[in-house]
Protein chains: 2
Amino acid sequence: MTVNIVGSGKVARHLLRAFSGKVETAIVNPHSFEGLVVHADVTLICVSDNAIREVGSRLPSSAGIIAHTSGSIPLDALAGHDRYGVFYPLQTFSENSDPDYSIIPFFIEGSEEEVEKRLATLASLISKNVMSADSDKRKSLHLASVFACNFANHLWALADSILKKNGMDFNVLRPLLEETLLKTKTISPHDAQTGPAVRNDTEVIGKHLAMLENEPGVREIYRILTDSIRYANNRANDTTES
Amino acid sequence: MTVNIVGSGKVARHLLRAFSGKVETAIVNPHSFEGLVVHADVTLICVSDNAIREVGSRLPSSAGIIAHTSGSIPLDALAGHDRYGVFYPLQTFSENSDPDYSIIPFFIEGSEEEVEKRLATLASLISKNVMSADSDKRKSLHLASVFACNFANHLWALADSILKKNGMDFNVLRPLLEETLLKTKTISPHDAQTGPAVRNDTEVIGKHLAMLENEPGVREIYRILTDSIRYANNRANDTTES
């Protein structure tokens, strides 16, 4: 099997490494297409979301199945080709990270069944966690990951800044954070919820809001997330009682 | 060394286990004080925040250093005693969890230096991570942990519900979540921020807001956290340029 990897970013480099020794790979310049293996089996477009359509439209259909690797771009962005698909690894790739590729979920979509099967076979060379997902499902997945990862990370940044102001380091929170995440393996995050909001501890909540008096933006985040936890909890109680 | 553990909840049970084989412990009923060893070295109050003052006021000062184990109650809640303090493990304790006690940060405060030293010595029998923190510092710590853990967990619950509605499971996010947390070991959460907000990808942000049209509460959380990420990022850029 021969796979073109179009792009020079982090996704391209990580896929190249993940495929190493498993398939023939060619790194392809997304501008000049230098390096492109014509009559490859699969050509993976690993460029930024807003360049996928343009790069896709310039690729020859002879380059095999043309697939992009994005969570938020629909399948039909590549609809000009004969056989096209999506090959989406749900992971954040950094310069120096060395993730265990075998556990990364890959979400696959194909313009036809045979295409989907080929892409799934390719993904299963890397990962034990390969699933089909149409464009709507992938959109939800992407939205969920924004909440779970991007937004959670921002809360960590806010916590980090509260700690720094008081001469402490984010690392003091790490054991608590790891345990909080571990807990969601055995019970759902909803059932694992702890803290003043779910206990409806108005005294502590009032003290926290007062501590944030000079930071209206952060105070608003505290208020709205506290309300949302209370709301989710009441709704669950209502359901139980009815 | 003899330690009274007053309470029957999760903190009491975990401290009992953590001290096992290291000090003499006695489990004490918080209502009747049945089991109390008079002339113990330390008496740890492991009851809910709103009961600490009341339980503290009924304990005899002869029970050694009287300390509570809460993040949000000030030291002076126990000021009626001769020697008193705070013995605060920054961890969430569940029924069935088996955390590595040796890495749990313990924050210690004492009514006098000798008391603080004794409590720190006691904590260091359990953990390699023992620090002093006055009541203000501990208050900030607690606020930071609400953001980093309680609120992050709620975002996971929201993500879980988005996934469930689309026939997927929270576990698909786990490798991404673990990598996101791992990243903050080498770069600060602020610098590790990824996603549409920090890229200012208005097209994706607009699509996500549209997907949440029927859930105004969740939509508002999306909007306010996106704004906060943009704000934090702009502020950082401003600082770099000025």
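Throughout what follows, the structure given in this document is the object of discussion. (Residues numbered from 1 in each chain as written. Chains lettered and ligands numbered in written order. Predicted model: local features only at pLDDT ≥ 70, side-chain atom pairs only at ≥ 80, totals over all residues. Heavy atoms only, no water.)

Let's shift gears to empty space enclosed by the protein. Considering all chains together, one arrives at three cavities of 30 Å³ or more under this definition. Every residue lining the largest cavity is listed: Pro-189, His-190, Gln-193, Val-198, Ile-229, Ala-232 and Asn-233 of chain A together with His-154 and Ala-157 of chain B. When contributions to the lining of the largest cavity are tallied by element, the ones reaching two or more residues are helix H6 (189-192) and helix H9 (216-241) of chain A together with helix H4 (135-165) of chain B. Looking at the lining of the largest cavity, the element that brings in the most residues is H9 of chain A, giving three residues. Each residue belonging to the lining of the largest cavity can be placed in one class, and the counts come to five nonpolar, four polar and no charged. (1 Å grid on protein atoms, 1.4 Å probe; cavity = no way out; pocket = protein on both sides within 12 Å on 5 of 7 lines; lining within 4 Å. Points joined across faces, edges and corners; volume = space filled by probe spheres on them. Helix = DSSP H or I, 4+ residues; strand = E, 2+ residues; numbered from the N terminus. Nonpolar A, V, L, I, M, F, W, Y, C, P; charged D, E, K, R; others polar.)

Even without glycine at this site, Asn-200 of chain A takes up a positive phi of about 50 degrees. On the secondary structure map, Asn-200 of chain A appears in the loop between helix H7 (196-199) and helix H8 (202-211). The phi angle at Phe-33 of chain B is positive, at roughly 60 degrees, despite the residue not being glycine. Structurally, Phe-33 of chain B is set in the loop between strand S2 (24-28) and strand S3 (42-45).

Viewed as axis vectors pointing N to C, helix H4 (residues 135-165) of chain A and helix H5 (residues 174-183) of chain B meet at an angle of 15 degrees, and their least axial separation amounts to 10 Å. When the interaxial angle is binned, H4 of chain A and H5 of chain B end up roughly parallel. For H4 of chain A against H5 of chain B, the interelement crossing comes out right-handed. Within the contact between the two elements, H4 of chain A uses Ser-145, Ala-148, Cys-149, Asn-153 and Trp-156 of chain A and H5 of chain B uses Leu-176, Leu-177, Thr-180 and Leu-181 of chain B. Within the contact of H4 of chain A with H5 of chain B, the residues separate by chemical class into six nonpolar, three polar and no charged. (Axes fitted to C-alpha atoms, helices over the stretch in contact; angles between N-to-C directions. Parallel < 35°, antiparallel > 145°, perpendicular 65-115°, else oblique. Left-handed = near helix turned anticlockwise from the far one by under 90°. Contact = heavy atoms within 4.5 Å.)

To continue, consider helix H1 (residues 10-19) of chain A. Those residues of H1 of chain A not exposed but buried are Ala-12, His-14, Leu-15, Ala-18 and Phe-19 of chain A. Residues of H1 of chain A that are buried in the fold lie against strand S1 (2-6), strand S2 (24-28), strand S3 (42-45), strand S5 (84-89), strand S6 (106-110) and helix H3 (113-124) of chain A. (Buried < 20%, exposed > 50% of the residue type's maximum accessible area, 1.4 Å probe, protein only.)

All names here are of chain A. Tallying each qualifying case throughout the model produces twelve aromatic pairs over all chains. The structure contains a cluster of three or more aromatic residues connected by ring pairs, namely Phe-19, Phe-87 and Phe-106. Lying across the ring of Phe-33, Arg-58 places its NZ or CZ 4.7 Å from the centre. (Phe/Tyr/Trp six-rings, centres within 6.5 Å; stacked < 30°, edge-to-face > 60°. Lys NZ or Arg CZ within 6 Å of the ring centre and 35° of its normal.)

Turning to the pattern of salt bridges, a few remarks are in order. This structure, assessed with the given rule, holds 30 salt bridges over all chains. For Lys-117 of chain B, the salt bridge is made with Glu-113 of chain B, and the minimal N-O distance between the two is 3.8 Å. With a gap of four residues between them, Lys-117 of chain B and Glu-113 of chain B both fall in helix H3 (residues 113-124), about one helical turn apart. A relative accessible area of 55% means that Lys-117 of chain B is categorised as exposed. Among the charged side chains, a salt-bridge network with shared partners connects Glu-220, Arg-223, Asp-227 and Arg-230 of chain A. (Salt bridge = Lys/Arg side-chain N within 4 Å of Asp/Glu carboxyl O.)

Below, the discussion takes up the interface of chain B and chain A. Taken together, the contact between chain B and chain A spans 76 residues of the former and 77 residues of the latter. Counting each side, the surface lost to burial between chain B and chain A is near 7,700 Å², with a carbon and sulfur contribution of 73%. For the side of chain B that touches chain A, the secondary structure elements donating two or more residues are H4, H5, helix H6 (189-192), helix H8 (202-211) and helix H9 (216-241) of chain B. In terms of residues, the side of chain B that touches chain A owes the most to one element, H4 of chain B, which gives 25 residues. Classifying every residue of the side of chain B that touches chain A gives 43 nonpolar, 23 polar and ten charged. (Buried area = accessible area lost by both parts, 1.4 Å probe.)

Using the criterion set out here, one finds zero disulfides over all chains in the structure. Cys-149 of chain A takes part in no disulfide bond, and the closest cysteine sulfur, belonging to Cys-149 of chain B, lies 15 Å away. Take Cys-149 of chain B: its relative accessible area is 4%, and that puts it in the buried class. (Disulfide = S-S within 2.5 Å.)

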